[in-house]
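Descriptive analysis of the structure
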Amino acid sequence: MLRACLRGANATARKNYRRIPLTSLQQCRHYTAGESSSASKVVVAGLLTVSGGIGGTVLYAKWDHKFRAAVEKNVPYSDWLLGLALGPAAQDPGLPIKKRVELAQPPSMIEKQVKKSAKKEGAEGPVKDSSPAPSQPAQSLQEASAEATHIISAIGEVPSVPAPCDTEAAAVKECNECHEHKEATAVHPAPTEPMKERPVEEVAARLAQQEQEEQDISASVSASLEDSLASSAKATLQAIGAQEAALQAIMQHTDKLKEAMEAEVLPEEKSNQWKDLEAALADRTTALNDARAALSKANESLDSLRSVIDESKGLKISSVRPLVLAAEENLHNMVVDLDKMAMKVQSAESEAKIVSQYSELVNEAKRQFQREVSSLTPEIQANWKGLTGKLSTDDLNALIAHAHRRIDQLNRELAEQKVREKIHIDAALEQQKLEDQKALDNAVNTALQHVKEDSRLDQERKLAELREVMEAEMRTQLRRQAAAHTDHVQDVLKVQEHELKAEAEQVLSSKMLEQETRYRQLTQEQLDNFTLDMNTAYARLKGVEEAIDSHVVAEDEARKAHQLWLSVEALSYSLKTAEADVPTVPLENAAQAVRDSCRDNDFALALASALPEKSLQRGVYSEASLRARFNSLRSLARRVALIDESRNSLYQYFLSYLQAALLFEKSQEAPPSQLSSEDLDPFKLLSYASYCLEHGDLELAAKLVNQLRGEARRVVEDWLIEARLTLETRQVVNLLSAYANAVGLGTTQAP
Amino acid sequence: MSHVTSCFSREIFLTAENMADEHARKWDRCLADTAVKTVTGLGVGIVFSLIVFKRRAWPLSFGSGLGLGMGYSNCQHDFRSPYLIHGRMVKDQ
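Residues numbered from 1 in each chain as written. Chains lettered and ligands numbered in written order. Predicted model: local features only at pLDDT ≥ 70, side-chain atom pairs only at ≥ 80, totals over all residues. Heavy atoms only, no water.

**Observations concerning the overall build of chain A**
In plain terms, the rule: The helix and strand labels rest on DSSP assignments: H or I over at least four residues marks a helix, E over at least two residues marks a strand, and numbering proceeds from the N terminus. Under the scheme applied here, a residue whose accessible area is under 20% of the maximum for its type counts as buried, over 50% as exposed, and between as partly exposed, the area being computed with a 1.4 Å probe on protein chains only. By definition in these notes, contact holds between two residues if any of their heavy atoms fall within 4.5 Å. Exposure was quantified through the Shrake-Rupley algorithm and a 1.4 Å probe, taking into account, for residues, occlusion by the shown protein chains and nothing else.
Of the regular secondary structure elements, chain A holds 21 helices and 0 strands. The buried share of chain A, taken over its 751 residues, is 27%. For chain A, long-range pairs separated by at least 24 residues make up 70% of all intrachain contacts whose partners lie at least 6 apart in sequence. Carbon and sulfur atoms make up 58% of the accessible area of chain A, which totals about 50700 Å².

**A short note on the UniProt feature "transmembrane region" (unreviewed entry) in chain B**
The criterion, for reference: UniProt positions are given in the numbering used here, feature names are shortened, and annotations may be inferred rather than shown by experiment.
Residues given the UniProt feature "transmembrane region" (unreviewed entry) here are residues 35–53 of chain B. Annotated as 89% helix and 0% strand, the span residues 35–53 of chain B places its first and last C-alpha atoms 24 Å apart.

**Here we look at the interface of chain A and chain B**
As a reminder, the rule being used: We define buried area as the total accessible area lost by two parts upon association, computed with a 1.4 Å probe and summed across both. Here, a salt bridge means any side-chain nitrogen of Lys or Arg that lies within 4 Å of a carboxyl oxygen of Asp or Glu.
Across the boundary between the two partners, chain A contributes 21 residues, which contact 18 residues of chain B. Each partner contributes to the roughly 1800 Å² buried at the junction of chain A and chain B, and carbon and sulfur atoms together form 60% of this total. Summed over the shared surface of chain A and chain B, the number is 1 salt bridge. When the shortest N-O distance is used, the salt bridge between Glu22(B) and Arg714(A) registers 3.4 Å.

**Some thoughts on the side chain of Glu711(A)**
Tracing the chain through its elements places Glu711(A) in helix α20 (residues 710–715). Other than its neighbours up to four places away in sequence, Glu711(A) contacts Val640(A), Ile643(A), Asp644(A), Tyr653(A), His23(B), Phe79(B) and Tyr83(B).

**Considerations on a negative patch on the surface**
Rules: For patch detection, residues must exceed 30% relative accessible area and be free of salt bridges, and they are connected within 9 Å for like charges or within 5 Å for nonpolar side chains (Val, Leu, Ile, Met, Phe, Trp, Tyr). Charge counting treats Lys and Arg as positive and Asp and Glu as negative, with His and both chain ends excluded. The atom standing in for a charge is NZ when the residue is Lys, CZ when it is Arg, CG when it is Asp and CD when it is Glu.
A cluster of acidic residues, Asp255(A), Glu259(A), Asp276(A) and Glu351(A), forms a negative patch on the protein surface. You can see Asp255(A) is positioned in helix α9 (residues 200–262).

**Topic: the packing of helix α16 (residues 623–639) of chain A against helix α21 (residues 717–747) of chain A**
All names here are of chain A. Condition: The convention used is that axes are lines fitted to C-alpha atoms, helices contributing only their stretch in contact, and that angles between N-to-C directions extend from 0 to 180 degrees. An angle below 35 degrees is read as roughly parallel, one above 145 as roughly antiparallel, one from 65 to 115 as roughly perpendicular, and any other as oblique. Definitions for this section: a left-handed crossing has its near helix turned counterclockwise from the far helix by less than a right angle. A right-handed crossing has that turn clockwise. Think of it as three bins: nonpolar holds Ala, Val, Leu, Ile, Met, Phe, Trp, Tyr, Cys and Pro, charged holds Asp, Glu, Lys and Arg, and polar takes everything else, Gly as well.
Interaxial distance between α16 and α21 falls to 11 Å at its minimum, and their mutual angle equals 160 degrees. One way to sum up the angle between α16 and α21 is to call them roughly antiparallel. The interaxial crossing formed by α16 with α21 has left-handed handedness. Where α16 approaches α21, its residues Glu623, Leu626, Arg629, Phe630 and Leu633 are matched on the opposing element by Asp718, Trp719, Glu722, Ala723, Thr726 and Arg730. The residue makeup of the contact of α16 with α21, split by class, is 5 nonpolar, 1 polar and 5 charged.

**Some thoughts on helix α18 (residues 682–694) of chain A**
Residue and element names in this part refer to chain A. What counts here: In a helix, the anticipated span is given by 1.5 Å times the number of residues less one.
Helix length check: α18 (13 residues) gives 18 Å between terminal C-alpha atoms against 18 Å at 1.5 Å per residue, within 8%. Most of α18 is tucked away: 10 of the 13 residues are buried. Where α18 is concerned, the buried positions are Pro682, Phe683, Leu685, Leu686, Ser687, Tyr688, Ala689, Ser690, Cys692 and Leu693. Against the buried residues of α18 lie α16, α17 (650–662), α19 (698–706) and α21. Directly after α18, the chain includes glycine 696, whose backbone phi takes a positive value near 80 degrees.

**With respect to the confidence of the model for chain A**
Residue and element names in this part refer to chain A. Stated formally: On a range of 0 to 100, pLDDT expresses the predictor's confidence in each residue.
In the predicted model, chain A carries a mean pLDDT of 76, and the fraction of residues at 70 or more is 75%. Between the elements of chain A, mean pLDDT differs from a low of 41, seen in helix α6 (residues 126–130), to a high of 90, seen in helix α3 (residues 36–63). Predicted confidence is poor over residues 93–139, with pLDDT under 50, and the contacts of this stretch with residues over four places away or in other chains come to 28 contacts. A low-confidence stretch, residues 153–193 stays under pLDDT 50, and its non-local contacts, those more than four residues away or across chains, total 42 contacts.

**Let's talk about the packing of α16(A) against α18(A)**
Residues and elements named next belong to chain A. Interaxial distance between α16 and α18 falls to 10 Å at its minimum, and their mutual angle equals 165 degrees. Classed by the angle they form, the pair α16 and α18 counts as roughly antiparallel. Along this stretch, α16 crosses α18, giving a crossing that reads as left-handed. Seen from α16, the contacting residues are Glu623, Arg627, Phe630, Asn631, Arg634, Ala637 and Arg638; seen from α18, they are Phe683, Leu686, Ser687, Ala689, Ser690, Leu693 and Glu694.

**Describing the state of the cysteines**
All names here are of chain B. The criterion, for reference: Note on terminology: pairs of cysteine sulfur atoms within 2.5 Å are recorded as disulfides.
Summed over all chains, the structure comprises 1 disulfide over all chains. Covalent S-S linkage joins cysteine 30 and cysteine 75, the inter-sulfur distance amounting to 1.2 Å. Disulfide cysteine 30-cysteine 75: the torsion about the S-S bond is -120 degrees, which places it as left-handed. With cysteine 30 in helix α2 (residues 16–51) and cysteine 75 in helix α3 (residues 58–80), the pair connects residues that are 45 residues apart, well separated along the chain. Looking at cysteine 30, the relative accessible area reads 7%, which means it is buried.

**Some details on a nonpolar patch on the surface**
Residue and element names in this part refer to chain B. A cluster of nonpolar residues, Leu42, Val44, Ile46, Val47, Phe48, Leu50, Ile51 and Val52, forms a patch on the protein surface that exposes about 670 Å² of accessible area. Counting through the fold element by element, isoleucine 51 comes out in helix α2. What makes isoleucine 51 exposed here is its relative accessible area of 65%.

**Some remarks on unusual backbone geometry**
Residues and elements named next belong to chain A. Phi angles above zero are rare outside glycine, and tyrosine 77 is one such case at about 65 degrees. Mapped onto the secondary structure, tyrosine 77 falls in the loop between α4 (65–74) and α5 (78–86). For tyrosine 77, a relative accessible area of 68% puts it in the exposed group.

**Description of the side chain of Ser656(A)**
All names here are of chain A. Examined against the element boundaries, serine 656 turns out to sit in helix α17. By relative accessible area, serine 656 is classed as buried at 0%. Not counting chain neighbours up to four residues away, the residues in contact with serine 656 comprise Arg638, Arg639, Val640, Ala641, Leu642 and Ile643.

**Side note on the packing of aromatic side chains**
The relative placement of two aromatic rings is captured by the distance of their centres and the angle of their planes. Residues and elements named next belong to chain A. As a reminder of what qualifies: Only rings of Phe, Tyr and Trp enter the pairing, Trp through its six-membered ring, and a pair is recorded when the two centres are within 6.5 Å. The plane angle decides the type: under 30 degrees is stacked, over 60 is edge-to-face, the rest tilted. The criterion is that NZ of a Lys, or CZ of an Arg, lies within 6 Å of the ring centre and within 35 degrees of the ring normal, and then a charge sits over that ring.
The full count for this structure, using the stated rule, is 12 aromatic pairs over all chains. With a centroid separation of 5.7 Å and 45 degrees between ring planes, the pair formed by tyrosine 60 and tryptophan 63 is classed as tilted. In this pair, tyrosine 60 and tryptophan 63 are both assigned in helix α3, 3 residues apart and thus about one turn of the helix distant. A ring pair is formed by phenylalanine 630 and tryptophan 719, whose centres lie 5.1 Å apart and whose planes are at 45 degrees; its orientation type is tilted. Separated by 89 residues along the polypeptide, phenylalanine 630 in helix α16 and tryptophan 719 in helix α21 bring together distant segments of the chain. Lying over the aromatic face of tyrosine 621, arginine 629 brings its terminal NZ or CZ to 5.5 Å of the ring centre.

Structure representation (C-alpha cells):
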C-alpha cells in the first residue's frame, strides 16, 4: 500500500514535469507515522502472506508441472524464481520407440509327390488263363481231362485271321471236339474276349508246354499202368498158383478119397487113410479158400487194372495208347489164364464133388448100416471092426441076420440099381451133358469173350496205328496249312504294314506341320512379346534415368540451397552469440561459409559481401547489450542535452547538468508516427528511443537517436554506429535467410 | 593530451566505452587539470606571496584563481574541441 502510494506519487510527478508534491508524500508519511506499530504488523502480515503465497506456489509448481508452466508463462520472472527453487522444468518424455515386430515367415510347404504304387499287372491274355500249371504225377481224371481239354482247346484256338483254312475232317472233328470242350470248360474266357493272335514264341511255348504235359501225363499213366499191371500180374500169378495148389489139393483129396473108398486096406491104415483124407480135405478147403481169396484179389487187381486202363483210355493221348493197349493185352492174358485155371479148378471141383458125393453116399450107407446095427445092437459101438471079442452070439446072430438082410436088401437095391443104372446113367449122362454143355457154354463164352477181347484189342491196335498215321498226316497238313497261313499272314501283314505306315506317315506329317506352325506362331508371339517388353523396359529405363537425373539436379539444387540455408543459419546463430557486453564472434567464418555455399548465386554472393567489414572482423553487439548501454548512455545524454555544436562553455555544461537533474520525463514514451519539431527535444527523443528499444525496435530507436544533436549526439555516436552496424548486419542476415528460405522452399520437393 | 587522446579515441576504436568514458575522462582530466593548476597556482601564489609580495593573501587567491581559470579554460577548450572548426586560409591566386 505504501509502495502503491509512492508509485502513484512519482507517476504524477513525472507526468506533470513539476516538483514533487512533497506534501502528499508528507501526508502519506504523516498518516503512517501514527500507525507505525499496526503498520509494521500489517507489513509483517503482508510479507508473511506474500512469502507464504510464493512458497505455496513454488511447492505446487514442484508437484504440478502444468501449473508451473502456467505460472512461468503468466508471471514474469517466475521461471527464474522457480528454476532457482526447483531446478529446471522436467523435459518432455522422448518419443516412444517403436518395436519392430519380426514376422516369422511361415515355413514354405513342401509338396510331396505322391508315388504311384499301383502297378498294373498286364492283363494276362486269354492264353495264360487257359494254360494251367503242370500237375503232379498223381492226377485225377477230371484234372487230366481238364488239362487235356485246355491243351486241345489251346491248340485248336485259331487266330482270327480272315484267311480260308482248309480243315480236314479230322481237324474239324478235333476243332469240334475242342469247341465242345471249350464250351464245357467254363474257365476259358475266350468267348468273352476277342480272339487274339498269339506270337509264335508263345505258340511254341504252348506246344512245348503241352508236349511236356503230355509226356508227364503219359509217364504218369505208364507208371500207374505198370504199377497196376505189376500188382495185377502178381495177384494173378498168385491166384493161379493158389488155384494150382487148390487143384492139386483137390486132386489129391479126390485120389485119397477114392483110395479111401475103394481100397480095402487094413483097419489101421484105414484110419490113417481117413486121417490123411481129413487132412487132405482140410488142405483142400484151405487151398480152395486160398485160391478163392487169391482169385478175388486177382479179380480186384484186374478190375483196378481195367479201371486204370479205362482211365488212361479216357485221356485220349496218343502216346498213352500203345501202353494202354499193351496193358489191355496183359490184362486179357491174365484174365484168360485165370479163367482157365478157374475152369480147371471147377472141373476138379466137380469131380471132387462126384467123388465126394460117392464118398458121402458110402458114408451115408455106412452110417445107416451102423445105425441099423446100432439100433439092433445098441450097446455095440460104431466101430464094429474092433469089437471082435465083445459081441455076444445073439448080437452076432442078430448082426449076421441083419447083415444078411442087409445083403439081400442091397442085392435087391443093386438089382434095382442096375436096372436104374441105365436111367441113372442116362440121367447122369444127361446131367453130365448138361453140365458139360454148361461148361462148354461157359468155356465157349469165355473163349468168345477172349476172342472178342482179342479182336477188340487188335482193332484198338489197328485204330491206334491208324490214328498215329492220321496224326502224322494231319500234322503234315497242319504244318502245310500253318506254312501257308504264315505266308498269307506275312503277306497280309506286309500289306497292312504298308497301309498303316502310309497312314501313320500322313498323320505324322500333318501333326508335324501343325506343330511346326504352332511352334512358329508361338516363337513369333514370344519374340513380339519380348520385343514389346524390351521396348517398354527401355522406355521405362529411359524415363527412370531422366527422372533420376532431374532428381539429381534437383537434389543438387536442394543440397546447395540447404547448404546455403545452413550457412545462413550458422551466420544468424553466430549473431546470437553476443553476450551482455561482449560482441559476437567475428562473423568472418560464417560469412565465408555463406560465400562458399553460394558461389554461383549472385544475389546471395552480393548479399554476403554486403556484410559490413567491422562485423566480419570484430562481430556485432546484440540488441540487449545495446539496450543496456543505451540506458546508461541515456543519463549521460540527458546530462549533456543542452550542449550543442556551438562553442559551449563549461557553464553550459553546468546548466545542462542542472536541467538533467531537474527535468523529469517519461522513461518510455511511444513515439508518434510523425515527428514534429517539439519531439526533437533530446529528452523526448531519448524516451522515444527507450520505448523503441524496450519494444525491440532498434531501427527506430537508432533513427530517433540519430536526431540528437550536439554533445549528446557525440556521446551516443558510437552507440549509434554500433546500432547501425548491428542493424545492417541483421538486415543482411535476414535478407540472406529469407533468400535461403525461399530458395529452400523452392527446391523442396512437394510430397 | 586531451587532443591526443581524442584523436586516438576517434581514429582507432570508437567504442561506447570510449565515447561515454571520454566524456567522463574529459571531466576527469579537466577536474584533475583544474585541480592541479589551481594548486599549482596556489603554490606559485604562495611562493610569490612569500617571496615577492610579502605574505599577502592576494597572490594565493590570484594564483589559485589563475590556476582555476586556466583549468576551466582548458576544460572548456577540451569540451569544445570536437566542435572547433579549423579553418584554413585559402590564398587567392
